[in-house]
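Observations on chain architecture
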Amino acid sequence: MTQPSAKIEVRALTMAYGDFVIQRDLNFRIEQGDIFIIMGGSGCGKSTLLRHLVGLKSPAKGEVLFDGASFWEAEEPRQRAMQQRMGVLYQSGALWSSMTLAENIALPLGEYTQLARAEIDELVSLKLALVGLAGFEAYYPSEISGGMRKRAGLARAMALDPEVLFFDEPSAGLDPVSARLLDELILQLRDSLGATVVVVTHELASMFAIGNNSIFLDPESKTQIAGGDPARLLRESRDPRVIRFLTRGERTEWESRSDG
Amino acid sequence: MLHSSEAHGLLLVFSGCWRAQCTLPARDELLRQLPQPFQGELRFDSADLRGWDSRFVNWLLKLIPPLEKRGIVVRYEGLPPGVRGLLQLATEVPERAGARRGATRRGLLATVGEQIYRLLDGGKALLEFIGELLQALFRMLIGRARMRASDLFLFVQQNGIDALPIVALIAVLVGLILAFIGALQLQMFGAQIYVANLVGIAMAREMGAMMAAIIMAGRTGAAFAAQLGTMQVNEEIDAFRTLGVDPLEFLVLPRMLALTLMMPLLCIYADLLGIMGGMLVGITLFEISPSLYLQQTLAAVSLADFGVGVVKSLVFGVLIAVAGCMQGIRCGRSASAVGEATTSAVVMAIVAIIVADAIMTLIANALGV
Ligand SMILES: Nc1ncnc2c1ncn2[C@@H]1O[C@H](COP(=O)(O)OP(=O)(O)OP(=O)(O)O)[C@@H](O)[C@H]1O
Ligand SMILES: [Mg+2]
């Protein structure tokens, strides 16, 4: 029996820089509407995995399927079309420093749609308003704070109303309240746009708050050692590495709790 | 899409596609169609809506405020839940007061004034930079500068050894050209042997230093500006400052020392290769024997001529390093600022080289060297 194809599916993926293998044998599915968390210690290859998912880096082995079609076997125009349906917020924001925020967001709109200039400007203002940056159109990235740059990066990622949004550590460098607002924003966007969201994060609070599926990468064994709903993982996992991570090192063993 | 009056208000019915690639009806048209003295409710029906994206949200966002201003009560229930969520999100955070900037157009006079101010600022910055650099140099001389010897060696290699091939190529070609043009003229008097004097003196006093300097301005001056500019963009220079390390000591001094040390050597190297290039032309095209050419060169060119070239090249080295490092350190915080800094560094260095060369030639003439 064949399952309906997932939004994104990864099969037997091995990632490597040259001969240096980062992770091997990754297998997981990201369904439409999921908020999928990629977690693991620093340097275990989360950003690298994200680069594979968005088609910036080709797998050493294995496949990445987007709506059931293999990204790396597709022709170049098809790959471009697939990439247009994704929006990425990079770990460092990656706003184009020589353009204003408005120009940053208008660029993909001008490139890929036939809209009139005036309407693009309106859409740009809308996107900035959605991330709480109304009125900052004429600012350069160097003139706003780090957290605002994150949000502006999010506005640019949403420019083309993508079907899948990728976030590399969206809440790093944000104050706790802003981080929570960003989580809510992500949830709202998922609900309103019907988008699928893939998040790399270290923030336990936000993981449990928004995630409904996940994968846990381990740097030692160089493969995935757990997956599933983060909250369930915390309740049920017996792997000391996973428990340590999810309890910030406070526990290493599974505790059965009979409160349910 | 159409709207129809009802007993208790208006119903706006949406249908079809409301995406980026569709054509949307004009809002103004719709507003005009509304019955003028209208007070009541506006409701929506989106059962037939086939697809929407943020264009739809934007369309609504611009439609609703003028209606609400007229006193119409807008009921959002008929819109898809996603649209309602986005509309709420977009109006949730009010614009921060004073944040918006308009595009300003300046008059001619204001532009001229601004340019003059900028020029003055540039002059002031140059003086400041030189002042700080002299302080750093002083600290180095009394042995208190924080600078890594390994950096110095790296730059010596990059600025000196790695530049040898390109300097050789240019110097030989310049020697060839000088010799060829000179010898053609001298041949008319049967004095083609004097081409050795011409090439020897020109290379030693002028061209060796000049060519090496121009190559290094394009190669190393630009590299300095780009390296330091990128560090400025990444806040690396700020990181040095907050750690109490003077970036001028740590970053600029080794670059400047390396370039100033290497320039005279490159100059002598270029001199010799240029003379060889001239000799090549003399031997092959004008049938002067190698030994005669060499003898003539040795008789014509004194050590003082080489000395003039070497002193010039020392000055050029300092100028290139100062131009490159200053533009790099003063660079703005964007990718295009790095480009501008690199361009200014090269332009500034080349202008400075030519002006300094003219002045030094006059001085050498006055002193009789
Ligand atoms: N361009 C590269 N060339 C070689 N190795 C790289 C490259 N980029 C990353 N690596 C290596 O790959 C590993 C994973 O890097 P990656 O950036 O994916 O980590 P990460 O899980 O995102 O970490 P963090 O949480 O700190 O962002 C690291 O060991 C790193 O040294
Ligand atoms: Mg990372």
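Counting of residues starts from 1 at the beginning of each chain's written sequence and follows it residue by residue. Chains and ligands are labelled sequentially in the order written, the chains with letters from A and the ligands with numbers from 1. Totals for whole chains, interfaces and linings use all residues, but because this is a predicted model, local features are given only for residues with pLDDT of at least 70 and pairs of side-chain atoms are given and counted only at 80 or more. Each side-chain value is derived from all of the structure's non-hydrogen atoms; neither hydrogens nor water enter the calculation.

Segments assigned H or I by DSSP are reported as helices when at least four residues long, segments assigned E as strands when at least two residues long, and all are numbered from the N terminus. On a plain count of helices and strands, chain A comes out with 9 helices and 10 strands. Computed over the C-alpha atoms, the radius of gyration of chain A is 19 Å, within 12% of the 18 Å expected from 2.2 N^0.38 for a compact globule of 260 residues. Viewed in the frame of its principal axes, chain A has a C-alpha envelope of about 60 × 45 × 35 Å. Here the analysis covers contacts within chain A between residues at least 6 apart in sequence; of these, 61% occur between residues at least 24 apart. To measure how exposed things are, a 1.4 Å probe is used in the Shrake-Rupley method; for residues, cover is taken only from the protein chains shown. Surface summary for chain A: the accessible area is close to 11800 Å², and the carbon and sulfur share equals 48%. Computing the positive centroid from 28 side-chain charges and the negative centroid from 35, chain A places the two 4 Å apart. Radius of gyration means the value over C-alpha atoms here, while the globule rule gives 2.2 Å times the residue count to the 0.38 power. Only heavy atoms matter for contacts: two residues are in contact if any of them lie within 4.5 Å across the pair. Only four residue types enter the charge count, namely Lys and Arg as positive and Asp and Glu as negative; His and the chain termini do not. Charged side chains are reduced to one point each, which is NZ for Lys, CZ for Arg, CG for Asp and CD for Glu.

Turning next to the site of ligand 1. All names here are of chain A. Whether a residue is near a molecule or strand depends on its heavy atoms: if one lies within 4 Å, it is near. Taken together, Y17, I22, S42, G43, C44, G45, K46, S47, T48, Q91, E169 and H202 make up all the residues around ligand 1. Polar contacts, as used here, are pairs of N or O atoms within 3.5 Å; protein pairs need one atom able to donate a hydrogen and one able to accept it. Residues neighboring in sequence count only if both atoms are side-chain atoms. In the environment of ligand 1, an oxygen atom lies 2.9 Å from a nitrogen or oxygen atom belonging to the backbone of G45. In the environment of ligand 1, an oxygen atom lies 3.1 Å from a nitrogen or oxygen atom belonging to the side chain of H202. Notes on ligand 1: free accessible area 630 Å², of which the protein chains cover 61%. For the shell around ligand 1, the element with the highest residue contribution is helix α1 (residues 46-53), accounting for 3 residues.

Residues and elements named next belong to chain B. An ideal rise of 1.5 Å per residue puts 58 Å on 40 residues; helix α9 (residues 247-286) measures up with 55 Å between its terminal C-alpha atoms. At L253, α9 shows its maximal bend, which comes to roughly 35°, and the proline P254 appears one to four places after that position. Relative accessibility thresholds used throughout: buried, under 20% of the residue-type maximum; exposed, over 50%; partly exposed, between the two (1.4 Å probe, protein chains only). A large share of α9 lies buried, amounting to 29 of its 40 residues. Two or three places before L248, at the start of α9, stands the capping residue D246, its side-chain oxygen 3.0 Å from that residue's backbone nitrogen. E287 occupies a position one or two residues after α9 and carries a positive phi of about 50°. Multiplying one less than the number of residues by 1.5 Å gives the expected span of a helix. Note on bend: at a given residue it equals the angle between the axes fitted to the 7 residues ending there and to the 7 starting there.

Quick look at the interface of chain A and chain B now. With 28 residues of chain A at the interface, the matching set in chain B holds 27 residues. Each of two parts loses accessible area, computed with a 1.4 Å probe, when they are put together; buried area is these two losses added. Buried area between chain A and chain B, both sides added, is near 2300 Å², and the carbon and sulfur share of it is 58%. On the chain A side of the interface with chain B, the three residues burying the most area are E122, L126 and S192 of chain A, jointly 20% of the side's total. A pairing counts as a salt bridge when a side-chain nitrogen of Lys or Arg comes within 4 Å of a carboxyl oxygen of Asp or Glu. Between the two partners, chain A and chain B, sit 1 salt bridge. Its salt-bridge partner being E119 of chain A, residue R55 of chain B comes within 2.7 Å of it at the nearest N-O pair. When contributions to the side of chain A that touches chain B are tallied by element, the ones reaching two or more residues are α4 (117-130) and α6 (176-193) of chain A. By residue number, the principal contributor to the side of chain A that touches chain B is α4 of chain A, which donates 7 residues. Gly falls in the polar group here, along with every residue not listed as nonpolar (Ala, Val, Leu, Ile, Met, Phe, Trp, Tyr, Cys, Pro) or charged (Asp, Glu, Lys, Arg). Of the residues belonging to the side of chain A that touches chain B, the class tally is 13 nonpolar, 8 polar and 7 charged.

So, about the confidence of the model for chain B. Residue and element names in this part refer to chain B. Across chain B, the average pLDDT comes to 87, with 96% of residues at 70 or higher. Element-level mean pLDDT values for chain B span from 53 in strand β1 (residues 2-6) up to 95 in helix α11 (residues 303-329). Of the two predicted TM-score estimates for the complex, the pTM is 0.71 and the ipTM is 0.71. Predictor confidence is given residue by residue as pLDDT, running from a minimum of 0 to a maximum of 100.

As a further point, take the nonpolar core. Residues and elements named next belong to chain B. Note on terminology: a nonpolar core comprises buried Ala, Val, Leu, Ile, Met, Phe, Trp, Tyr and Cys residues joined through side-chain atoms within 4.5 Å. Formed by 78 residues in total, the largest nonpolar core has its most connected members in F14, F56 and L60. Tallying contributions element by element places helix α2 (residues 54-69) first for this core, with 8 residues. Formed by 42 residues, the second largest nonpolar core is a distinct cluster that contains V245, M256, A270 and L273.

Take the packing of helix α3 (residues 101-112) of chain A against α4 of chain A next. All names here are of chain A. Axis definition: a line fitted to C-alpha atoms, over the contacting stretch in the case of helices. Angles run 0 to 180 degrees between N-to-C directions. In the contact formed by α3 and α4, the axes pass within 9 Å of each other and the chain directions differ by 120°. As summarised for this structure, α3 and α4 are arranged oblique, according to the angle between their axes. When you trace α3 past α4, the crossing you get is right-handed. Note on element contacts: α4 touches α3 through R117, I120, L123, V124, K127 and L128, opposite L101, A102, I105, A106, L109 and G110. An angle counts as roughly parallel when it lies under 35 degrees, as roughly antiparallel when it exceeds 145, as roughly perpendicular when it falls between 65 and 115, and as oblique in every other case. Handedness of a crossing is defined here by the sense of rotation of the near helix relative to the far one, left-handed for an anticlockwise turn of less than a right angle and right-handed for a clockwise turn.

Once that is clear, we can look at the domain arrangement of chain B. The domain limits used here are those given by an automatic or database domain assignment. Assigned domains within chain B: domain 1 (2-92) and domain 2 (117-367). Summarising the inter-unit geometry, the C-alpha centres of domain 1 of chain B and domain 2 of chain B are found 69 Å apart.

To continue, consider the pairing of strand β10 (residues 223-227) of chain A. For a regular strand, side-chain orientation follows a simple rule: the groups alternate between the two sheet faces. Residue and element names in this part refer to chain A. The criterion for strand pairing is that DSSP finds at least two bridges linking the strands in question. Where strand β9 (residues 213-218) lies against β10, 4 bridges are found, and the strand directions are antiparallel. Residue I215 lies in a different strand from β10, and its bridge partner there is G227. The turn joining β9 and β10, which pair antiparallel and follow one another in sequence, is formed by 4 residues; a positive phi near 55° is taken by K222.

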